[in-house]
Amino acid sequence: MELKARKDMDPKYQWDVSHIFPSMKEWQASFEEVEASIAVLESFAGTLHTSAAHLKEVLDTNFKVEEKFNKVYIYAMLNKAADGGDKDAQTMMAKVSSLMTKLGTAVSYLIPEFLSLEEAKVQEFIATGLLAEYAHYIDDISRNRPYTLDAQGEKMLAMLSDAASAAENTFDAFTDVDMEFPKVHNEKGELVQLTSGNFGVFRESPSRQVREEAFLAHFGQYKKYVNTIAEMYAGSVKFDCYFSSVRGYDSAAHAALFVDNAPLSVYHSLVEAVHNSLPSMKKYLTLRKKVMGLDKIDLFDLYTPMVAEVDYPMPYESAKELVKKALLPLGECYQELLDKAYSENWIDVYENKGKQSGAFSCGVHGVHPFIKLNYTETLDYAFTLAHELGHAMHSYFSSEKQTFANHHYKIMVAEVASTCNEVLLTKYLLREEKDPMRRAYILNHFLEGFRTTVFRQTLFAEFEYQVHEMYEKGLPLTPDSLSDTYKKLLELYYEGAEIPEIMKYEWSYIPHFYNAFYVYKYATGFSSAVAIANKILETGDASDYLNFLSLGGSDYPVEELKTAGVDLCNPQTVSDALKVFAETIDELEALLTEK
């Protein structure tokens, strides 16, 4: 069916960006105000030492302009996301991208100049009480003081930033554009072109022969170019280690976690807890093999649904009500906000011609969040609605409680609220659903969330930790050393499954490795969400969690999570979440055995 043009869609199911600016005229006026503010921001350079009152004026002005720019940017971005072919939206986005660069350049002096102030001077300013609103912001900058070089050193590192991104840019260009995959057979026996985009479809195929052929063809190409990709990845690792060493961090991992003020114990606690739960993963693989009727289970058998998709129609209006019922434990205020999201056009629901694929949520301080869906009438998309509403409510509560300077939460906690909603939806469906095959489908969906988000991402995290440690110890990063390290982890995490030789090259396919020590946050976020959802359901009290949602970026992620009762420095936190994984396996096994 041909997609409708944006103008032909029902406005009832579209977001209303006039809540940010009533029209393009107001957007343009605000754009020009931001543009005019650049000279004012630049004029503050070299003056931060003057007084506490003056520093407050600088920060007040900076954040006021940033908040105004944020609205200008999001208005343009939402218009382009809704219809990428819209000429006005294209023009707005081009203009706002240029303005972003100018604005960033205008305030580039701010942090280096602040760090050049003597600590005694900073404490003197803080003691006046004038900078109370910026206490966390100042602390977050100040703690970087031991790892900040002199002006010349910082300039040299800044000049290296483009070169440092060359490995990632080359990997993206090579794998997204230049790399070509062979043709493979589909379920009908037809030869069709394999691509990076459709590989995910092939690996979920119900035909084992199709899955195996696709895996061999896909990773065969990465094996073919493994020498080239190993050089790219080694280059990225070397830059990580260079920057951390020059700045005086203990390691590249220490430097990466320092950004969130998270101790390395968070990383190690995650790995320890997942290792302790590997017997549950082995049990899950055994169950999967049995249910799928396989003599052996290979890595290429892990992505096809263990329980065949059931007939579970989910019109959008039904999904709205389902999500509301599932989130009742979060309280009356949360329910009222869901109604506002539904009725006040926070959500752009259906696909139209030119609309960006996928789903996202973005907050607008002082307005409300906006959610983009491309809704299809399936249970999976009901989960997507719950997920994005979790992000939206996190943004809403933070925006309501915090000033703009403190409202933006860090990536480390970004997936907690969204995943908590998914867990609550899962638990609700399991309480209400009586049909055994639907229940099995829901349980399988939940288990795959654990496997792909906790176990798989922790495997990735352990790999990049070991690789950086190898380089820091002076060991060579070669195609063989990288592939052998990865294969040993596969054998550890997937004991009981066959590990085809080709799979040891899977590391070369993961783009996240070029943003080092990032993937562990998926695993800690999922584990935190499970712990929080269970606590809410057991106690009937969501107050601590709602308080967490209102913190925004006013504290460090590890401390914010403690507000919700989660201590990521304690391996027990992840272990408790993984007990749910083990219990869910038992429940699914009993259900399928009975069936």
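Residues numbered from 1 in each chain as written. Predicted model: local features only at pLDDT ≥ 70, side-chain atom pairs only at ≥ 80, totals over all residues. Heavy atoms only, no water.

Engineer: Help me out: how do you make sense of the nonpolar core in this one?
Structural biologist: Ranked by size, the top nonpolar core spans 151 residues in total, and within it Ile347, Leu379, Leu389, Tyr494 and Trp507 carry the most contacts. Top contributing element to this core by residue count: helix α20 (residues 436-472), with 15 residues. One finds Trp15, Phe69, Tyr75 and Leu103 within the second-largest nonpolar core, a separate group that totals 29 residues. (Core = buried A, V, L, I, M, F, W, Y, C linked by side-chain atoms within 4.5 Å. Buried < 20%, exposed > 50% of the residue type's maximum accessible area, 1.4 Å probe, protein only. Helix = DSSP H or I, 4+ residues; strand = E, 2+ residues; numbered from the N terminus.)

Engineer: For this particular structure, what's the right way to read the packing of aromatic side chains?
Structural biologist: The relative placement of two aromatic rings is captured by the distance of their centres and the angle of their planes. Applying the stated rule across the entire model yields 52 aromatic pairs. Note on tryptophan 27 and phenylalanine 31: the rings are 5.4 Å apart at their centroids and 35 degrees apart in plane angle, and the pair reads as tilted. Of the two residues, tryptophan 27 and phenylalanine 31 are both situated in helix α1 (residues 24-43); the distance of 4 residues between them amounts to about one turn of the helix. Ring centres of phenylalanine 199 and tyrosine 509 lie 6.2 Å apart, and the angle between their planes is 85 degrees; on these two criteria the pair is classed as edge-to-face. Of the two residues, phenylalanine 199 sits in helix α9 (residues 199-203) while tyrosine 509 sits in the loop between α21 (479-493) and α22 (520-539), which places them 310 residues apart along the sequence. Note on phenylalanine 199: relative accessible area 1%, which makes it buried. An aromatic cluster is defined as three or more aromatic residues linked by ring pairs; in this entry it consists of Phe171, Tyr233, Phe460, Phe463, Tyr486, Trp507, Phe513 and Tyr514. One Lys or Arg, arginine 143, reaches over the ring of phenylalanine 258 and ends 4.3 Å from the middle of that ring. The ring of tyrosine 303 carries the charged tip of arginine 203 above its face, separated from the ring centre by 3.9 Å. (Phe/Tyr/Trp six-rings, centres within 6.5 Å; stacked < 30°, edge-to-face > 60°. Lys NZ or Arg CZ within 6 Å of the ring centre and 35° of its normal.)

Engineer: Can you help me understand empty space enclosed by the protein in this one?
Structural biologist: Rolled over the atoms, a probe sized like a water molecule indicates the empty space that remains. By the definition in use, this model includes 4 cavities of 30 Å³ or more. Approximately 90 Å³ is the volume found for the largest cavity. Elements represented by at least two residues in the lining of the largest cavity include exactly α20 and α21. The element best represented in the lining of the largest cavity is α20, accounting for 4 residues. Across the lining of the largest cavity, the residue classes tally to 10 nonpolar, no polar and 3 charged. Here the second largest cavity is characterised by a volume of approximately 50 Å³. Breaking the lining of the second largest cavity down by element, the ones donating at least two residues are α22 and α23 (543-549). No other element matches the 3 residues that α22 contributes to the lining of the second largest cavity. Residues belonging to the lining of the second largest cavity are distributed by class as follows: 5 nonpolar, no polar and 3 charged. (1 Å grid on protein atoms, 1.4 Å probe; cavity = no way out; pocket = protein on both sides within 12 Å on 5 of 7 lines; lining within 4 Å. Points joined across faces, edges and corners; volume = space filled by probe spheres on them. Nonpolar A, V, L, I, M, F, W, Y, C, P; charged D, E, K, R; others polar.)

Engineer: Mind showing me how you'd approach helix α10 (residues 208-224) here?
Structural biologist: For an α-helix the count is 3.6 residues per turn, leaving residues at separations of three or four pointing the same way. With 17 residues, α10 should cover 24 Å at 1.5 Å per step; its first-to-last C-alpha distance of 24 Å lies within 8% of that length. Of all the positions in α10, only Val210, Arg211, Ala214, Phe215, Ala217, His218, Phe219, Gln221 and Tyr222 are classed as buried. Each element contacted by the buried residues of α10 is listed here: α8 (166-178), β1 (183-185), α9, α11 (226-247) and α14 (278-292). (Expected span 1.5 Å × (residues − 1). Contact = heavy atoms within 4.5 Å.)

Engineer: I keep staring at the packing of α20 against α22 and nothing clicks. Help me out?
Structural biologist: For any two helices packed against each other, one specifies the crossing angle of their axes together with the interaxial distance. Direction vectors running N to C along α20 and α22 enclose 140 degrees, while the axes themselves pass 7 Å from each other. The angle between the axes of α20 and α22 places the two elements in the oblique class. Where α20 crosses over α22, the handedness of that crossing is left-handed. Residues Phe446, Gly449, Phe450, Thr453, Val454, Gln457, Thr458 and Ala461 of α20 form the contact with α22, whose participating residues are Tyr520, Tyr522, Ala523, Phe526, Ser527 and Val530. Of the residues assigned to the contact of α20 with α22, the class counts are 9 nonpolar, 5 polar and no charged. (Axes fitted to C-alpha atoms, helices over the stretch in contact; angles between N-to-C directions. Parallel < 35°, antiparallel > 145°, perpendicular 65-115°, else oblique. Left-handed = near helix turned anticlockwise from the far one by under 90°.)

Engineer: Explain the sheet that holds strand β3 (residues 347-348) here, please?
Structural biologist: Pairing between sheet strands relies on hydrogen bonds along the backbone, with the strands arranged either parallel or antiparallel. Strand order in the open sheet made by the 3 strands is β3-β5-β4, with mixed pairing throughout. Of all strands in the sheet, those with a lone pairing partner are β3 and β4 (360-362), marking the two edges. Where helix α2 (residues 52-82) meets the sheet, it contacts β4 and β5 (370-372), and its direction lies at approximately 160 degrees from that of β4. (Pairing = 2+ DSSP bridges.)

Engineer: What is the right way to read the environment of leucine 55 from this model?
Structural biologist: On the secondary structure map, leucine 55 appears in helix α2. Of the residues examined, leucine 55 reaches a relative accessible area of 2% and is grouped as buried. Considering only alpha carbons, one finds leucine 55 and glutamine 572, 517 residues apart in sequence, at a separation of 44 Å. Among all residues touching leucine 55, those that are not within four sequence positions of it are Leu48, Phe114, Phe125 and Leu131.

Engineer: How do you make sense of the pattern of salt bridges when you look at a structure like this?
Structural biologist: Any two side chains of opposite charge can pair, on the condition that their charged atoms come close. For the structure shown, the criterion picks out 31 salt bridges. When the shortest N-O distance is used, the salt bridge between arginine 247 and glutamate 154 registers 2.6 Å. Here the residue arginine 247 occupies a position in helix α11, and glutamate 154 occupies one in helix α7 (residues 151-164), the gap between them amounting to 93 residues. One salt bridge in this structure joins lysine 579 and aspartate 576, with 3.5 Å as the shortest N-O distance. Here lysine 579 pairs with aspartate 576, and both are found in helix α25 (residues 571-594), just 3 residues apart, close to one helical turn. On the basis of relative accessibility, which here comes to 46%, the residue lysine 579 falls in the partly exposed class. (Salt bridge = Lys/Arg side-chain N within 4 Å of Asp/Glu carboxyl O.)

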